Amino acid sequence: MANISFYGSHNASVVVENQGEIIVVIEVERFLSQKNAGYSQYLVSYTRTFLLKHIIEYIKDEYGIFEYDRCYFLNSDTIEGNTKVHYQKLIPAKEYIECFHHLSHAACGFYQTDYNEALIVSFDGGGNDGFFNIYHAKDRKTINIVEKFNIDLGFPYMSFGDYLGDIRREPALSIGNLVYSGKIMGLCSYGNVNENWLPYFKEYYRKKPDGNNYLQYLSELGSQTNLSFDINNRMTDQLGWDVAKTSQVAFEEVFIEMIKPFLNKFPNIPLILVGGCGLNILLNTSLS
């Protein structure tokens with residue numbers, strides 16, 4: 001019997017496999033014609049109460065699969081009216097297994113290589129198992145958590161996108177969350193590091209994660225650097241470029257501070273970066 005895996009946040013998707021062979025991969029955005037569409041948390045469609053039922057019916061009609069040994073799920077609850085409806089009521093399976101955000105990233109990164117051992121860092125804006133996790137894959141069957149840090153480098157990095165005039169401002173920061181970071185990296189090529197700002201930017205990145213307090217953290221950073229974080233008077237040209245560049249270098253230096261002890265503890269094995277922040281090509285290049 002087949003297994004099904006369901007992920008419900010941004011870029012939601014459903015995967016069906018049987019005996020190690022992928023039968024079908026379904027991206028929710030293809031059903032909704034909405035880029036980066038989620039099912040339960042991000043850009044949620046008003047059709048979500050019917051969407052998963054439709055996908056299950058689609059799989060049944062196209063592939064003849066209507067029951068599963070296991071359903072693996074992550075961020076997949078939905079809402080009908082005021083009632084929370086659990087995946088178990090919608091996906092027919094014998095067993096339901098909750099997956100974990102960063103462990104999933106770690107496994108995805110490791111098993112796409114041919115390494116027999118690796119140190120894995122998974123870091124981004126957060127999931128159901130933290131923000132910044134370090135793993136040791138000691139063989140092809142075992143990935144162990146080594147350390148979890150309560151620090152979020154992803155949300156603080158992308159938040160600058162709201163205040164840089166060369167970047168089109170999105171209607172909500174949650175939408176900018178998936179598009180700002182790449183544009184900020186591009187602006188870095190025009191900028192210079194402001195050494196006077198740099199210690200304060202690093203302090204900003206070391207703050208404990210709290211999505212409700214990011215405006216306070218930016219306000220504190222502004223007071224320390226004489227920068228104005230004002231969406232009605234966004235920073236442009238050299239000023240904005242220097243903010244982007246200084247932020248990037250602070251991001252990199254705080255990251256190195258955090259992983260250096262583990263590079264020393266696990267020498268001479270490959271380092272794998274995964275999670276949203278692992279897409280920061282400037283950081284990756286600086287490590288190569």
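This structure is a prediction, so every number in the text was calculated from the model and none was measured.

Undergrad: In this structure, what is going on with the environment of leucine 173? I would like to understand it.
TA: Within the element layout of this structure, leucine 173 appears in helix H5 (residues 173-176). You can call leucine 173 buried: its relative accessible area is 15%. It is 7.4 Å that separates the C-alpha atoms of leucine 173 and serine 159, two residues lying 14 residues apart in sequence.

Undergrad: Would you take a moment to explain a nonpolar patch on the surface for this structure?
TA: Taken together, the side chains of Ile256, Leu263, Leu271 and Leu287 define a hydrophobic patch exposed on the protein surface, amounting to about 260 Å² of accessible area. Structurally, leucine 271 is set in strand S11 (residues 271-274).

Undergrad: Help me out: how do you make sense of the packing of aromatic side chains in this one?
TA: The description of an aromatic ring pair uses the distance of the two centres, along with the angle that the planes make with each other. Here the structure, examined in full by the defined rule, presents 19 aromatic pairs. When the centroid spacing of 5.3 Å and the interplanar angle of 55° are considered together, the rings of phenylalanine 123 and phenylalanine 132 count as tilted. Between phenylalanine 149 and phenylalanine 262, the ring centres sit 6.0 Å apart and the planes meet at 75°, which makes this aromatic pair edge-to-face. Taken as a pair, phenylalanine 149 in strand S10 (residues 142-149) and phenylalanine 262 in helix H9 (residues 237-265) lie far apart in primary sequence, 113 residues in all. Residue classification places phenylalanine 262 among the buried residues on the basis of a relative accessible area of 10%.

Undergrad: Honestly, the packing of helix H7 (residues 198-205) against H9 in this entry has me stumped. Any pointers?
TA: To characterise two packed helices, one gives the angle between the axes of the helices and the distance between these axes. Running from N to C, H7 and H9 point in directions that differ by 60°, and their axes come no closer than 9 Å. Here H7 is positioned oblique relative to H9, judged by the angle of their axes. You can see that H7 and H9 cross each other, and the crossing is right-handed. Contacts between H7 and H9 pair Leu198, Phe201, Lys202 and Tyr205 from the former with Val243, Thr246, Ser247, Val249, Ala250, Phe251, Glu253, Val254 and Glu257 from the latter. Partitioned by chemical class, the residues of the contact of H7 with H9 number eight nonpolar, two polar and three charged.

Undergrad: When you look at the pairing of strand S9 (residues 130-139) in this model, what are you seeing that I'm missing?
TA: Sheet faces and side chains relate simply in a regular strand, where the side chains alternate between the two faces. Here strand S8 (residues 118-127) runs beside S9; their pairing, made up of seven bridges, is antiparallel. Bridged to valine 121 within S9 is isoleucine 134. Counted between consecutive antiparallel strands, the loop separating S8 from S9 contains two residues. Here S9 folds back onto S10 in antiparallel fashion, the turn holding two residues.

Undergrad: For this particular structure, what's the right way to read helix H3 (residues 101-111)?
TA: Helical periodicity: at 3.6 residues per turn, an α-helix aligns residues three or four positions apart in one direction. Listed in full, the buried residues belonging to H3 are His101, His102, Ala106, Gly109 and Phe110. All buried residues of H3 lie within an arc of 155° about the axis, which places them on one face of the element. Here the buried face of H3 lies against strand S4 (68-74), S8, S9, S10 and S11.

Undergrad: What is the right way to read the nonpolar core from this model?
TA: One recurring pattern in soluble globular proteins: nonpolar side chains tend to sit buried together. With 45 residues, the main nonpolar core has Phe123, Phe132, Leu153, Phe160, Leu164, Tyr205 and Phe255 as its most contacted residues. If you list the elements that add at least two residues to this core, you get S8, S9, helix H4 (154-159), helix H6 (180-188), H7, helix H8 (214-225) and H9. In terms of residue count, the dominant contributor to this core is H9 (10 residues). The contacts of phenylalanine 132, once residues within four sequence positions are left out, are His102, Val121, Ser122, Phe123, Glu147, Lys148, Phe149, Ile151, Leu153, Phe255, Met258 and Ile259. Counting 24 residues, the second largest nonpolar core, distinct from the first, contains Leu52, Ile56, Ile59 and Phe73.

Conventions we followed
Residues numbered from 1 in each chain as written. Predicted model: local features only at pLDDT ≥ 70, side-chain atom pairs only at ≥ 80, totals over all residues. Heavy atoms only, no water. Helix = DSSP H or I, 4+ residues; strand = E, 2+ residues; numbered from the N terminus. Buried < 20%, exposed > 50% of the residue type's maximum accessible area, 1.4 Å probe, protein only. Patch = residues over 30% accessible without salt bridge, like charges linked within 9 Å, V, L, I, M, F, W, Y side chains within 5 Å. Areas by Shrake-Rupley, 256 points an atom, 1.4 Å probe, with all protein chains shown as cover. Salt bridge = Lys/Arg side-chain N within 4 Å of Asp/Glu carboxyl O. Phe/Tyr/Trp six-rings, centres within 6.5 Å; stacked < 30°, edge-to-face > 60°. Axes fitted to C-alpha atoms, helices over the stretch in contact; angles between N-to-C directions. Parallel < 35°, antiparallel > 145°, perpendicular 65-115°, else oblique. Left-handed = near helix turned anticlockwise from the far one by under 90°. Contact = heavy atoms within 4.5 Å. Nonpolar A, V, L, I, M, F, W, Y, C, P; charged D, E, K, R; others polar. Pairing = 2+ DSSP bridges. Arc of directions from axis to C-beta. Core = buried A, V, L, I, M, F, W, Y, C linked by side-chain atoms within 4.5 Å.

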